[in-house]
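Commentary on secondary and tertiary structure
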Amino acid sequence: MQQVRDWLCASSRICALTGAGISAESGISTFRGASGLWRQFRSEDLATPAAFARDPRLVWEWYDWRRGLIAAAQPNAGHEALAHLEGAAPEFALITQNVDCLHRRAGSRSVVELHGSIWTVICTTCGEKRHDDRAAIRPLPPLCRCGGTLRPGVVWFGEPLDNAVWRQAQTALGRAELVLVVGTSSVVYPAAGLIPYAKQAGARVVEINVEETPVSRIADISLRGPAAEILPLLVS
Ligand code: NAD
C-alpha cells in the first residue's frame, strides 16, 4: 500500500481505468462475478444491436430499470477518492467502462466514457444524440422528434467504440507513468487491451479488485479488496 502511495506522489501523469466494480458499493450490480447481472440475464437478449432490432421494448424495459437504480444510487468513497486524485495530480485522466456517470457526479471532470452513458439517447433514424436524465421514460420504446425510435447511448456487444473516444483513451494511457486499474474483470475488449498497451508504453500498473483477473499477471502490484475501501487509503 505504501509503495503505491509513493508512486502516486512521484508520478506526474496518472490514469485510472475503471469498471463496474467501482460502482458495486453504490449498489449497482457488476456484469460478471457472483451477483453479476449476466447470471440473471443473457447479454444476447439485452445488450446487442440484434436484440434491439428484435424487441426494442424489452431492451428499453431493462435500461429503464437500470436507469432507475442508477438514479437512486450515490457515488461512493472510491469515486470520491479518484475525483480527489484528479485535483492533486499534475496530469490525470479517468477512463471508464461504466455508463452510470457516478464519476462525474463525484466531481471527476476529465472522464472518458468508453462505453457511452446511460443518460444519453440516440435516434436510430436521424442520428440525433441528446442527454435525457428522466429516471422513468414513457412510452417505451421512446420516440425521437423525427418519429424514429430512440436507443440508449451505450456501446453494445459487437459494436465499435467511438473513434475519438478511443483515441483519447489510448493517448492518455500511452503517456501515463502510473495506471490504476479498478474494479474491472478485464475481459471485455477492446477496453481490456488498454492495460497491456500502457504497460508496454512504460507505465506502472496497479490493480485494485476483490478478485484475481487477467491483469493480475502483468500488474506491478495487485491490491485485493473493495475499491471504496482501498482508494481512499491511497489518496488520503
Ligand atoms: P465486470 O462485471 O465484468 O467486472 C467487475 C469486476 O469488478 C470484477 O473483476 C469484480 O471482481 C470486480 N469487483 C466487484 N466488486 C468490487 C469492488 N467492490 N471493488 C473492486 N472490484 C470489485 O465489469 P467490467 O469489467 O466493467 O465489464 C465491462 C462491462 O460492464 C462494460 O461494458 C460496462 O459498460 C459494463 N457495466 C457497467 C456498469 C456501470 O455503469 N456501473 C455496471 C455493470 C456493467
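No experiment lies behind these values; they were computed from the predicted model shown.

For Val206, the location among the structural elements is in strand 8 (residues 204-209). Filtering out sequence-adjacent residues up to four positions away, Val206 remains in contact with Val4, Trp7, Leu178, Val179, Leu180, Val181, Ile221 and Leu223.

Attention shifts here to the environment of Ser117. Along the chain, Ser117 falls in strand 4 (residues 116-123). On the basis of relative accessible area, Ser117 is assigned to the buried category, the value being 6%. Taking the C-alpha atoms as reference points, Ser117 and Pro152, separated by 35 residues in sequence, lie 8.0 Å from one another. Leave out the neighbours within four places in its chain, and Ser117 touches Val99, Cys101, Gly153 and Val154.

This paragraph deals with helix 7 (residues 163-175). Working note: α-helix, 3.6 residues per turn, so residues spaced by three or four point in the same direction. Taking 1.5 Å per residue, 13 residues should reach 18 Å; helix 7 reaches 18 Å between its end C-alpha atoms and fits that length. For helix 7, the elements touching its buried residues are strand 1 (13-18), strand 2 (91-96), strand 3 (111-113), strand 7 (178-182) and helix 8 (194-200). For helix 7, the side-chain oxygen to backbone nitrogen distance between the N-cap and Ala164 is 3.1 Å, and the N-cap itself is Asp162.

With that out of the way, let us pick up the pattern of salt bridges. Counted under the stated rule, the structure contains eleven salt bridges. With its nearest N and O atoms 3.6 Å apart, the salt bridge here joins Arg13 to Glu177. Taken as a pair, Arg13 in strand 1 and Glu177 in the loop between helix 7 and strand 7 lie far apart in primary sequence, 164 residues in all. Here Arg13 falls in the partly exposed class, since its relative accessible area comes to 28%. Residue Glu177 is classed as partly exposed on the basis of its relative accessible area, which comes to 26%.

Domain annotation for the chain reports domain 1 (1-28 + 75-115 + 162-236) and domain 2 (31-72 + 118-154). The centre of domain 1, based on its C-alpha atoms, is set 26 Å off from the matching centre of domain 2. At the interface, ten residues of domain 1 touch nine residues of domain 2. Between domain 1 and domain 2 the total buried area reaches about 740 Å² when both faces are included, carbon and sulfur atoms providing 60% of it. Linking domain 1 with domain 2 are zero salt bridges. The interface formed by domain 1 and domain 2 holds two residue pairs in polar contact (both at pLDDT 80 or more) in total. Taken together, the residues that form the side of domain 1 that touches domain 2 break down as six nonpolar, two polar and two charged.

Bringing the pairing of strand 6 (residues 150-154) into the picture now. Of all five residues making up strand 6, five are buried, and the element is well covered by its neighbours. With four bridges joining them, strand 4 and strand 6 adopt antiparallel strand pairing. Its bridge partner being in strand 6, Val121 is matched across the sheet by Pro152.

Most of strand 7 is tucked away: five of the five residues are buried. Where burial is concerned, the two faces of strand 7 agree: the one with Leu178, Leu180 and Val182 and the one with Val179 and Val181 are both buried. Relative to strand 7, strand 1 runs parallel, the two being bridged by five bridges. The residue of strand 7 that forms the bridge with Ala16 is Leu180. Relative to strand 8, strand 7 runs parallel, the two sharing five bridges. Residue Leu180 lies in a different strand from strand 8, and its bridge partner there is Val206. The β-α-β motif built from strand 7, the intervening helix 8 and the parallel element strand 8 has right-handed crossover chirality.

Spatial ordering of the open sheet is given by 5-4-6, a layout of three strands whose pairing is antiparallel. Every other strand in the sheet has two partners, leaving strand 5 (129-131) and strand 6 as the edge strands with one partner each. Here the average twist between neighbouring strands, direction ignored, is 40°. The pairing of strand 4 with strand 5 spans three bridges and is classified as antiparallel. Across the sheet, the residue bridging to Ile122 is Lys129, located in strand 5.

Reading the values: the criteria
- Residues numbered from 1 in each chain as written.
- Predicted model: local features only at pLDDT ≥ 70, side-chain atom pairs only at ≥ 80, totals over all residues.
- Heavy atoms only, no water.
- Helix = DSSP H or I, 4+ residues; strand = E, 2+ residues; numbered from the N terminus.
- Contact = heavy atoms within 4.5 Å.
- Buried < 20%, exposed > 50% of the residue type's maximum accessible area, 1.4 Å probe, protein only.
- Expected span 1.5 Å × (residues − 1).
- Polar contact = N/O pair within 3.5 Å; in protein donor to acceptor, adjacent residues only side chain to side chain.
- Salt bridge = Lys/Arg side-chain N within 4 Å of Asp/Glu carboxyl O.
- Domains from an automatic or database assignment.
- Buried area = accessible area lost by both parts, 1.4 Å probe.
- Nonpolar A, V, L, I, M, F, W, Y, C, P; charged D, E, K, R; others polar.
- Pairing = 2+ DSSP bridges.
- Right-handed = clockwise from strand over helix to strand, strands pointing away.
- Axes fitted to C-alpha atoms, helices over the stretch in contact; angles between N-to-C directions.

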